[in-house]
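One-letter residues, chain by chain:
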Amino acid sequence: MVQRVAVIGAGPSGLTSVKACLDEGLEPTCFESSDDIGGLWKFKEVSEPNRASIYRSLTINIWKEMMCYSDFPIPADYPNYMHHSKILKYFRMYAEHFKILQHIRFQTSVKKVTQRPDFSRTGQWEVVIENKDGLEERHIFDAVICCSGHFNYPNLPLKDFPGIETFEGKYLHSWDYKGPEDMHGKRVVVIGIGNSGGDIAVEGSRVAEQVYLSTRSGAWVIRQVSDNGLPVDRFNTRFVHVMFKLLPMSFLNWLGEKKLNAMYDHAVYGLKPKHRLFSQIPVINDDLPFKILSGSVLVKPNLKEIRGSTVVFDDGSAAENVDLIVFATGYNYDFPYLPKHVMYKSGHRVGLYKHVFPPVLEQPTLAIVGFIHSDGSIMPQAEMQARFVTRVFKGHKKLPSNQTMIKAVEKDTKNIEKNYVVSRLTPLQVDFLEYMDDLAKDIGVRPSLLWLLLTDFPLFMRVFWGPITAYQYRLMGPGKWDGARRAIFTQLDRLYQPLRTRQLGPRQSSTAGRLFKWSLLLVAGGSALYYIQVHNPTIIPTLMSKLRPPTV
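Bear in mind the structure is a predicted one, so any value in this text is a computation, not a measurement.

Reading guide: rules and limits
Residues numbered from 1 in each chain as written. Predicted model: local features only at pLDDT ≥ 70, side-chain atom pairs only at ≥ 80, totals over all residues. Heavy atoms only, no water. Pairing = 2+ DSSP bridges. Helix = DSSP H or I, 4+ residues; strand = E, 2+ residues; numbered from the N terminus. Axes fitted to C-alpha atoms, helices over the stretch in contact; angles between N-to-C directions. Buried < 20%, exposed > 50% of the residue type's maximum accessible area, 1.4 Å probe, protein only. Contact = heavy atoms within 4.5 Å. Domains from an automatic or database assignment. Buried area = accessible area lost by both parts, 1.4 Å probe. Salt bridge = Lys/Arg side-chain N within 4 Å of Asp/Glu carboxyl O. Disulfide = S-S within 2.5 Å. Core = buried A, V, L, I, M, F, W, Y, C linked by side-chain atoms within 4.5 Å. Parallel < 35°, antiparallel > 145°, perpendicular 65-115°, else oblique. Nonpolar A, V, L, I, M, F, W, Y, C, P; charged D, E, K, R; others polar. Expected span 1.5 Å × (residues − 1). Polar contact = N/O pair within 3.5 Å; in protein donor to acceptor, adjacent residues only side chain to side chain.

(A) Structural view of the sheet that holds strand S5 (residues 125–130). Overall, antiparallel pairing links the three strands, which are arranged S4-S5-S6 in an open sheet. Because the sheet does not close on itself, it has two edges, and the strands there are strand S4 (109–115) and strand S6 (136–141). On average, each strand axis in the sheet is tilted by 20° relative to the strand beside it, whichever way the strands run. Across six bridges, S5 lies against S6 in antiparallel orientation. Bridge pairing in S6 places Ile129 opposite Glu137.

Right, here's the structure in full:
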């Protein structure tokens with residue numbers, strides 16, 4: 001029986017894994033190689049080998065209500081999109097509130113994790129660590145949760161850029177980038193148009209003579225500030241998800257691309273990618289279009305070759321007298337402390353059952369938490385994974401056979417490759433709501449829309465029509481939180497509070513506005529009933545029969 005659990009890493013995934021262990025009565029010990037919590041979100045002026053790294057100005061591109069843990073809302077006065085320093089403060093509050101810090105051993109590196117000789121019977125692991133004094137220790141644990149992240153090993157494919165050895169300037173990976181200090185008056189080429197590449201190009205363009213943004217395939221670029229000035233995440237709702245199930249994807253792609261191009265035509269701006277909008281997670285950057293429009297950022301195709309200080313692109317154009325090249329070329333992923341044979345390979349990715357459990361082990365006592373990529377925040381997903389993992393460890397949830405899990409992994413891989421653009425560096429993508437609901441169903445915490453519709457209509461409206469915040473998964477079942485309903489009802493208050501820095505007179509709602517809201521309410525209710533009837537045709541008749549008064 002699992003009791004002692006090793007948690008590797010004290011970043012956002014490690015913190016919530018420790019808490020999930022405590023909630024289930026387990027005894028976690030968290031090993032953190034640095035001297036502080038936060039993982040990726042702990043900024044350091046000098047990047048450390050084999051550790052995630054961020055730049056000085058980094059602000060998260062996920063709305064605070066969509067990124068917080070399910071039973072610990074972010075303070076109302078915190079900004080809607082938070083600087084990394086605010087995020088670290090939030091993690092500290094979370095760790096202190098749930099008494100997590102006392103279970104963490106800092107400046108302790110995990111060197112090796114191996115199965116015990118009697119693993120097939122006990123499921124136990126031997127964990128070899130190096131403590132802060134440089135001494136080696138060996139410990140036996142009943143289970144292990146790996147939370148070491150996947151932004152630790154920068155991908156720097158220099159062999160793909162002929163002539164790099166002749167380059168007369170300086171080059172670095174975005175992992176090493178801290179700020180634009182070295183770009184003043186320089187000519188800079190940024191390779192890669194992910195979120196980091198876009199941020200670095202924009203920030204560098206404020207001080208550089210010229211910035212070139214080189215992209216192989218282009219990208220769809222969306223804004224954080226959406227309609228009515230609200231966070232774009234605010235519109236990620238269950239109702240929208242129902243529409244995605246009912247309407248053809250080709251129509252949704254056309255509609256979404258049309259809306260984006262109405263703000264700035266991606267073809268005119270040189271951004272238009274080869275893939276459709278919903279085939280890959282878009283780049284989130286409010287400033288990039290203006291920087292392109294003002295000429296301080298020039299979008300270029302893939303880099304063809306380098307000749308001294310000249311960079312030649314695939315279309316034959318060239319940037320001369322280049323001083324700096326920044327490779328925003330992604331990351332490789334690895335778990336160097338784990339035996340190679342415990343990992344199952346499926347397509348480009350590490351194949352994990354439910355994106356958590358290796359499907360080839362005799363005992364389900366090894367889990368990977370936080371190794372996920374979706375259109376939502378990592379924090380609530382890692383938390384849901386941790387809750388699922390600890391339920392399995394405690395024996396409340398039994399996993400299927402290895403053969404069944406492998407089949408499920410292969411099916412997931414086919415679905416991912418069918419629905420998304422994947423590669424060696426981006427092998428995994430899931431739909432945030434579908435994945436959260438799938439795990440929540442296994443745990444027993446997925447909110448029942450029909451039950452809420454019949455028993456708590458105001459809450460139903462906020463769950464179905466409002467943003468998909470993690471509080472929804474604390475309304476019922478194991479780990480139920482009494483504050484979940486209030487957190488849902490006040491989430492928009494926390495959106496507006498940091499914006500109320502100048503008091504104005506009260507707003508008056510119009511009759512037309514009220515009619516419009518009631519129309520949306522009717523559409524939402526009808527859509528919910530239709531969705532339930534299509535996916536579970538027996539639920540409504542069953543509930544209606546139970547509500548019918550007994551006859552004499």
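(B) Structural view of helix H5 (residues 195–205). For H5, a buried count of eight out of eleven residues is recorded, marking the element as mostly surrounded by other parts of the structure. Those residues of H5 that fall on the buried side of the exposure criterion are Gly197, Gly198, Ile200, Ala201, Val202, Glu203, Gly204 and Ser205. Lining the buried residues of H5 we find strand S10 (187–191), strand S11 (210–214), helix H8 (288–293), strand S14 (297–300) and strand S18 (324–327).

(C) Fine view of the domain arrangement of the protein chain. What the domain assignment lists for the protein chain is domain 1 (4–151 + 333–446) and domain 2 (156–329). The C-alpha centroid of domain 2 is placed 29 Å from the C-alpha centroid of domain 1. With 36 residues of domain 1 in contact, the opposing surface of domain 2 contributes 26 residues. Three residues stand out in domain 1 for area buried against domain 2, namely Tyr55, Asn61 and Tyr81, and they jointly supply 26% of the buried area on that side. Taken together, the connections running from domain 1 to domain 2 amount to three salt bridges. A salt bridge links Lys245 to Glu434; its shortest N-O distance comes to 2.1 Å.

(D) The state of the cysteines, seen in detail. Tallied over the entire structure, the rule returns zero disulfides. Free cysteine Cys68: the closest other cysteine sulfur is in Cys147, separated by 19 Å. Since its relative accessible area comes to 1%, Cys68 is described here as buried. With no disulfide of its own, Cys146 lies closest to Cys147 among cysteine sulfurs, the gap being 7.3 Å. Taking relative accessible area as the criterion, Cys146 reaches 1% and is therefore assigned buried.

(E) Seen up close, the pattern of salt bridges. Evaluated as defined, the whole model comprises 31 salt bridges. For the salt bridge of Glu45 with Arg56, the shortest nitrogen-to-oxygen distance reads 2.8 Å. With Glu45 in the loop between strand S2 (27–31) and helix H2 (64–67) and Arg56 in the loop between S2 and H2, the pair connects residues that are eleven residues apart, well separated along the chain. Relative accessible area serves as the criterion here: at 30%, Arg56 is assigned to the partly exposed category.

(F) View of the nonpolar core. Membership of the largest hydrophobic core comes to 110 residues, with the highest contact counts inside it found for Val5, Leu15, Phe91, Ile145, Phe357 and Phe393. Beyond its immediate chain neighbours, meaning those up to four positions away, Phe91 contacts Pro12, Leu15, Ile37, Gly38, Trp41, Tyr69 and Met379. Core analysis: the next-biggest nonpolar cluster, separate from the first, contains 22 residues, Ile129, Val350, Leu361 and Phe371 among them.

(G) Spatial organisation of the packing of helix H6 (residues 238–246) against helix H11 (residues 432–443). Where H6 meets H11, the axes come as close as 10 Å, and the angle between the chain directions of the two elements is 105°. If you check the angle between H6 and H11, you find them roughly perpendicular. Every residue of H11 that contacts H6 at Arg238, His241 and Lys245 is listed here: Leu433, Glu434 and Asp437. Of the residues that constitute the contact of H6 with H11, the class distribution is one nonpolar, one polar and four charged.

(H) Layout of the environment of Gly347. Among the secondary structure elements, Gly347 is positioned in the loop between strand S20 (344–346) and strand S21 (349–351). Sequence spacing of Gly347 and Glu417 is 70 residues, and the spatial spacing of their C-alpha atoms is 8.9 Å.

(I) Geometry of H11. A rise of 1.5 Å per residue sets the reference length of H11, with its twelve residues, at 16 Å; its end C-alpha atoms lie 17 Å apart and thus fit the reference within 8%. Among the residues making up H11, those that are buried are Phe432, Leu433, Tyr435, Met436, Asp437, Leu439, Ala440 and Ile443. Buried residues in H11 make contact with H6 and helix H9 (378–393). Looking at where H11 begins, the residue whose side-chain oxygen comes 3.2 Å from the main-chain nitrogen of Leu433 is Asp431. A positive phi of about 100° marks Gly444, the residue just after H11.

(J) Examining unusual backbone geometry more closely. Here the phi dihedral of Asn321 falls at roughly 55°; this positive angle occurs in a residue that is not glycine. Here Asn321 shows up in the loop between strand S17 (318–319) and S18. In this model, His355 sits at a positive phi of 60°, which is unusual for a non-glycine residue. Along the chain, His355 falls in the loop between S21 and strand S22 (366–368). For His355, a relative accessible area of 5% puts it in the buried group.

(K) View of the sheet that holds S2. The strand order across the open sheet formed by five strands is S3-S2-S1-S7-S22, and the pairing between neighbours is parallel. Each edge of the open sheet is held by one strand with a lone partner, namely strand S3 (104–105) and S22. Pairing of strand S7 (residues 143–146) with S22 involves three bridges; the strand directions are parallel. Residue pairing across strands places Ile145 opposite Ala367, the latter belonging to S22.

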